[in-house]
Amino acid sequence: MLKYVLKRILYSILILFFVMFIIYVLMYNMPMGYIETKARELASRPGATKSYAEWLADLNAQYGMDKGVVLGYLTWLKSALVGNWGDSWAWTIPVTEEFHNTVWFSFILGFVSFIFEIIIAIPLGITAAKKQYSFTDYFTTVVSMVCISMPTFFIATILKYVFSVKLGWFDLSGMQGRDYMKLSEFGKFLDVAKHFVLPSITIIIISIGGLMRYTRTNMLEVLNADYIRTARAKGVPEKKVINYHAFRNTLIPLVTTLGGSLPGLFSGALITETLFSIRGIGYASYTSMTQADIPFIMFYLAFISILTLLGNLISDLLYAVVDPRVRLS
């Protein structure tokens, strides 16, 4: 196991090296007008100590733009490895500081949505498979297809119209109410939690459809296996057949899906956070992209790449946990 893990980690580091190189190449080939505009902005600020030419030279040197693609990438990578990602152009603070200020809001939103997604989608998928071709199965299939088909902005708009405009239960957007500063500490917590309800429901709705269908399909495949028919022929109670024999084997493909969900917990829901003005990492990345904030975009893409590789590694390791027949080598 240890040998396998070390081998996969080394492979992941190698893949990450080339992925970050591709990211740098994309940044390197962006129109130079972005850097020129930023240098002009910095030089024109009140109390600026550097001229436009000096700022332009500093920005080019900071990201290796004056050294070519390969040497520039190595220069940038050296700074990144020691934690020097530069200052965000959009937020005017270090990139890592803005990341720390926003990522936990995205994690809370993603984690709560992920838990409810599992609680809702997996039992419904299993129930639909158990009652194949019944009303429950058809109803679950229709619901899952509707959830898969509806875009995020449509669901968010409907929720806002019903619960914010018509019923007035929630604010349209933002993370705090008007009287936030007058509330107690617990009241502030409840106020922020209230503003996370509609974004969480939006993410849950667009997420449960795929997992529900995936669970149903794999459960049907397992229920039609020979060992399930044998267990039933031996008189094993149906509840034990479903919950122990069938569901345990259904977990194997589900591990891939759930392990791949790791990036989503920290990467933020870009569209949802933007629509509801939640100051998470997704909202910050969208704002940075619209303002050509190269330092933050570079950090965000590298961060997503690391999470994706880590999620794949966790999925592979969990195979051996849920299925003893799988041997890592």
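Residues numbered from 1 in each chain as written. Predicted model: local features only at pLDDT ≥ 70, side-chain atom pairs only at ≥ 80, totals over all residues. Heavy atoms only, no water.

## Brief notes about the pattern of salt bridges
1) Next: For the structure on display, the rule yields five salt bridges.
2) Next: Where aspartate 137 meets arginine 216, a salt bridge forms, and the shortest distance between an N and an O atom there is 2.6 Å. Taken as a pair, aspartate 137 in helix 6 (residues 135–149) and arginine 216 in helix 9 (residues 197–223) lie far apart in primary sequence, 79 residues in all. When sorted by exposure, aspartate 137 lands in the same class as arginine 216, which is buried.
3) Next: Here glutamate 238 and arginine 232 are joined by a salt bridge, their closest N and O atoms 2.8 Å apart.
4) Next: Taking relative accessible area as the criterion, arginine 232 reaches 35% and is therefore assigned partly exposed. (Salt bridge = Lys/Arg side-chain N within 4 Å of Asp/Glu carboxyl O. Helix = DSSP H or I, 4+ residues; strand = E, 2+ residues; numbered from the N terminus. Buried < 20%, exposed > 50% of the residue type's maximum accessible area, 1.4 Å probe, protein only.)

## Quick notes on a nonpolar patch on the surface
1) Next: The grouping of Phe153, Phe154, Ile158, Tyr161, Val162, Val165, Leu167, Trp169 and Leu172 at the surface amounts to a nonpolar patch, some 870 Å² of accessible area in total.
2) Next: By the secondary structure assignment, leucine 167 is in the loop between helix 7 (152–166) and helix 8 (185–195). (Patch = residues over 30% accessible without salt bridge, like charges linked within 9 Å, V, L, I, M, F, W, Y side chains within 5 Å. Areas by Shrake-Rupley, 256 points an atom, 1.4 Å probe, with all protein chains shown as cover.)

## Some words on helix 14 (residues 281–290)
1) Next: Inspection of helix 14 places Ile281, Gly282, Ala284, Ser285, Thr287 and Ser288 among the buried residues, and these make up the whole buried set.
2) Next: Of the residues flanking the end of helix 14, it is alanine 292, one or two places downstream, whose phi is positive at about 55°.

## Quick word on the packing of helix 1 (residues 2–28) against helix 4 (residues 69–81)
1) Next: Between helix 1 and helix 4, whose axes approach to 10 Å, the crossing angle comes to 115°. Viewed along their axes, helix 1 and helix 4 adopt a mutual orientation that is roughly perpendicular. Relative to helix 4, helix 1 is oriented so that their crossing is right-handed. Contact residues: helix 1 offers Phe17, Met20, Phe21, Tyr24, Val25 and Tyr28, while helix 4 offers Val69, Gly72, Tyr73, Trp76 and Leu77.
2) Next: Partitioning the contact of helix 1 with helix 4 into residue classes produces ten nonpolar, one polar and no charged. (Axes fitted to C-alpha atoms, helices over the stretch in contact; angles between N-to-C directions. Parallel < 35°, antiparallel > 145°, perpendicular 65-115°, else oblique. Left-handed = near helix turned anticlockwise from the far one by under 90°. Contact = heavy atoms within 4.5 Å. Nonpolar A, V, L, I, M, F, W, Y, C, P; charged D, E, K, R; others polar.)

## Some words on the packing of aromatic side chains
1) Next: Enumeration over the complete set of coordinates arrives at 17 aromatic pairs.
2) Next: Relative to tryptophan 85, the ring of tryptophan 76 has its centre 5.7 Å away and its plane inclined at 80°; by these criteria the two rings are edge-to-face.
3) Next: Accessibility expressed as a relative area gives 4% for tryptophan 76, which makes it buried.
4) Next: Judged by centre distance (6.0 Å) and plane angle (20°), the ring pair of phenylalanine 135 and phenylalanine 139 falls under stacked. Pair noted here: phenylalanine 135 and phenylalanine 139 are both in helix 6, with a separation of four residues, about one helical turn. The exposure classification of phenylalanine 135 matches that of phenylalanine 139, with both residues exposed.
5) Next: Taken together, the ring pairs connect Phe17, Phe18, Phe21, Tyr24, Tyr73, Trp76, Trp85, Phe99, Phe299 and Phe303 into an aromatic cluster.
6) Next: Over the face of the ring belonging to tryptophan 55 we find lysine 50, whose NZ or CZ atom lies 4.9 Å from the ring centre.
7) Next: In this structure, lysine 160 is placed above the aromatic ring of phenylalanine 276, and the distance from its NZ or CZ to the ring centre is 5.0 Å. (Phe/Tyr/Trp six-rings, centres within 6.5 Å; stacked < 30°, edge-to-face > 60°. Lys NZ or Arg CZ within 6 Å of the ring centre and 35° of its normal.)

## A word on the nonpolar core
1) Next: In terms of nonpolar packing, the biggest core is built from 33 residues, with Met20, Ile35, Trp76, Trp85 and Met298 touching the most fellow members.
2) Next: If you list the elements that add at least two residues to this core, you get helix 1, helix 2 (33–44), helix 3 (52–62), helix 4, helix 5 (95–130), helix 14 and helix 15 (294–322).
3) Next: If you tally residues by element for this core, the top one is helix 15, at nine residues.
4) Next: Leave out the neighbours within four places in its chain, and isoleucine 35 touches Leu56, Leu59, Asn60, Met65, Trp89 and Ile294. (Core = buried A, V, L, I, M, F, W, Y, C linked by side-chain atoms within 4.5 Å.)

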